[in-house]
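Each chain is listed here by its residues.
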Amino acid sequence: MVIIKGDSEIEAMRASGHVAGIIRDAVADKVTAGITTKELADYAGELIVQHGARSAFLGYRGFPGRICVSVNNEVVHGIPGGYRIKTGDIVSLDIGVALDGFIGDTATTVMVEVTDLEVVRLVDCTKQALFEGIESACVDGRLSDISHAIESFAVKSGFNVVRNFVGHGIGRSLHEDPQVPNFGRPGRGMKLRHGMTLAIEPMVNFGCGDVEVQSDGWTVLTKDRKLSAHFEHTILIADGGVEILTL
Ligand code: MG
């Protein structure tokens, strides 16, 4: 069941989204060769507390980290640990915070002195695919218009989207209905309505879109071990136009 947010809930979603965006950008600025993924998560944890929020990921279905840090061929759900970031890495940060009972969810992929232009193109394409999806959303539009815009942009760019993990409704819970796939034909699925809040999150792979879960039970890897990038915003579908809550 899709939970439509009223005015006060929308205000609360704006607030949590704002904090999630601030923390995403601050942690992204910390990503540099030599830092461990655990140190990034510790820093995120401090900022989350400073903002009076809490991690929406820690403990979620048993997830052991306060943020997800997924490096190179890791797609999503990487557990922060001892890995030390190296020059040339791409580092996906997924930040979910709960503030006053509402959740903001956002992700970015940071390039660490990347010189391979094809890798730059993958990351740029994934970011643009997110915005293509967001721009295709409007009141009375259809859910799969978002999915189609994302997939077609990624495929046109020569890459592939991940199909096993999808965007989602979001609110008091991290994952609400509906699911928002990053693929599909346009003009299908439910009509978008004022007050829907969605986390749109393309995961785009350099090679094939297939993925597998590592033995830690969480980290999602590309099956062909080629690179993957991930960008995410929480958005509000509104009569006045789509609002990005995690800018
Ligand atoms: Mg999400």
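Before reading on, note that the structure itself is shown above.
This write-up is about the structure you can find in this document. Here the structure is a predicted model, which means the values were calculated and not measured.

Re the packing of aromatic side chains
Line of reasoning, step 1. Applying the stated rule across the entire model yields 2 aromatic pairs.
Line of reasoning, step 2. Where Phe63 meets Trp218, the ring centres are 5.0 Å apart and the plane angle is 85 degrees; that geometry is what we call edge-to-face. Note that Phe63 is positioned in the loop between strand E1 (54-55) and strand E2 (68-71) and Trp218 in the loop between strand E11 (211-213) and strand E12 (220-222), a separation of 155 residues in sequence. When sorted by exposure, Phe63 lands in the same class as Trp218, which is buried.
Line of reasoning, step 3. Ring centres of Phe159 and Phe206 lie 5.7 Å apart, and the angle between their planes is 50 degrees; this geometry places the pair in the tilted category.

Notes on the sheet that holds E11
Line of reasoning, step 1. Judged by pairing direction, the sheet is antiparallel, and its 3 strands sit side by side in the order E3-E12-E11 without closing on themselves. Of all the strands in the sheet, just strand E3 (74-76) and E11 have a single pairing partner and so form its edges. Neighbouring strand axes in the sheet, compared pairwise and without regard to direction, differ in orientation by 40 degrees on average.

Observations regarding the sheet that holds strand E13 (residues 228-230)
Line of reasoning, step 1. Strand order in the open sheet made by the 3 strands is E6-E10-E13, with antiparallel pairing throughout. Each edge of the sheet is formed by a strand with only one pairing partner; in this case those strands are strand E6 (160-161) and E13.
Line of reasoning, step 2. Sheet analysis places strand E10 (residues 203-205) next to E13, joined by 3 bridges and oriented antiparallel. Note that in E13 the partner of Val204 across the bridge is Ala229.

Focus on the side chain of His233
Line of reasoning, step 1. Position of His233 relative to the elements: it lies in strand E14 (residues 233-236).
Line of reasoning, step 2. Within the structure, the side chain of His233 is placed 2.8 Å from the side chain of Thr246, a separation counted as a polar contact.
Line of reasoning, step 3. If we skip the residues at most four places from it in the chain, His233 touches Arg24, Asp105, Thr106, Leu130, Phe131, Ile134, Leu198, Ala199, Ile200, Ile244, Thr246 and Leu247.

A few points about the environment of Arg225
Line of reasoning, step 1. Along the chain, Arg225 falls in the loop between E12 and E13.
Line of reasoning, step 2. On the basis of relative accessible area, Arg225 is assigned to the partly exposed category, the value being 40%.
Line of reasoning, step 3. When neighbours within four sequence positions are excluded, Arg225 is seen to be in contact with Asn73 and Glu212.

Side note on the pattern of salt bridges
Line of reasoning, step 1. Across all of its chains, the model carries 9 salt bridges by this definition.
Line of reasoning, step 2. Its salt-bridge partner being Arg225, residue Glu212 comes within 2.8 Å of it at the nearest N-O pair. With Glu212 in strand E11 and Arg225 in the loop between E12 and E13, this pair connects stretches of sequence that are 13 residues apart.
Line of reasoning, step 3. Glu212 gets classed as partly exposed once you look at its relative accessible area, which sits at 29%.
Line of reasoning, step 4. Several salt bridges converge on common partners, so that one network encompasses Glu11, Arg14 and Glu243.

Points about the pairing of strand E4 (residues 90-99)
Line of reasoning, step 1. Across the 10 residues that make up E4, a large majority, 10, are buried.
Line of reasoning, step 2. Of the two faces of E4, the one holding Ile90, Ser92, Asp94, Gly96 and Ala98 and the one holding Val91, Leu93, Ile95, Val97 and Leu99 are both buried throughout.
Line of reasoning, step 3. Note: E1 against E4, 2 bridges, orientation antiparallel. By the bridge assignment for E4, Ser55 is matched with Val97.
Line of reasoning, step 4. Summarising the sheet, E2 and E4 pair through 4 bridges and their orientation is antiparallel. Looking at the pairing, Ser70 lines up with Ser92 of E4.
Line of reasoning, step 5. In terms of strand pairing, E4 meets strand E5 (residues 102-111) through 10 bridges, oriented antiparallel. Among the inter-strand pairings, Ser92 is bridged to a residue of E5, identified as Thr109.
Line of reasoning, step 6. Hairpin geometry of E4 and E5 is characterised by an intervening segment of 2 residues between the two adjacent antiparallel strands and by a positive phi of about 50 degrees at Asp100.

Reading guide: rules and limits
Residues numbered from 1 in each chain as written. Predicted model: local features only at pLDDT ≥ 70, side-chain atom pairs only at ≥ 80, totals over all residues. Heavy atoms only, no water. Phe/Tyr/Trp six-rings, centres within 6.5 Å; stacked < 30°, edge-to-face > 60°. Helix = DSSP H or I, 4+ residues; strand = E, 2+ residues; numbered from the N terminus. Buried < 20%, exposed > 50% of the residue type's maximum accessible area, 1.4 Å probe, protein only. Pairing = 2+ DSSP bridges. Axes fitted to C-alpha atoms, helices over the stretch in contact; angles between N-to-C directions. Polar contact = N/O pair within 3.5 Å; in protein donor to acceptor, adjacent residues only side chain to side chain. Contact = heavy atoms within 4.5 Å. Salt bridge = Lys/Arg side-chain N within 4 Å of Asp/Glu carboxyl O.

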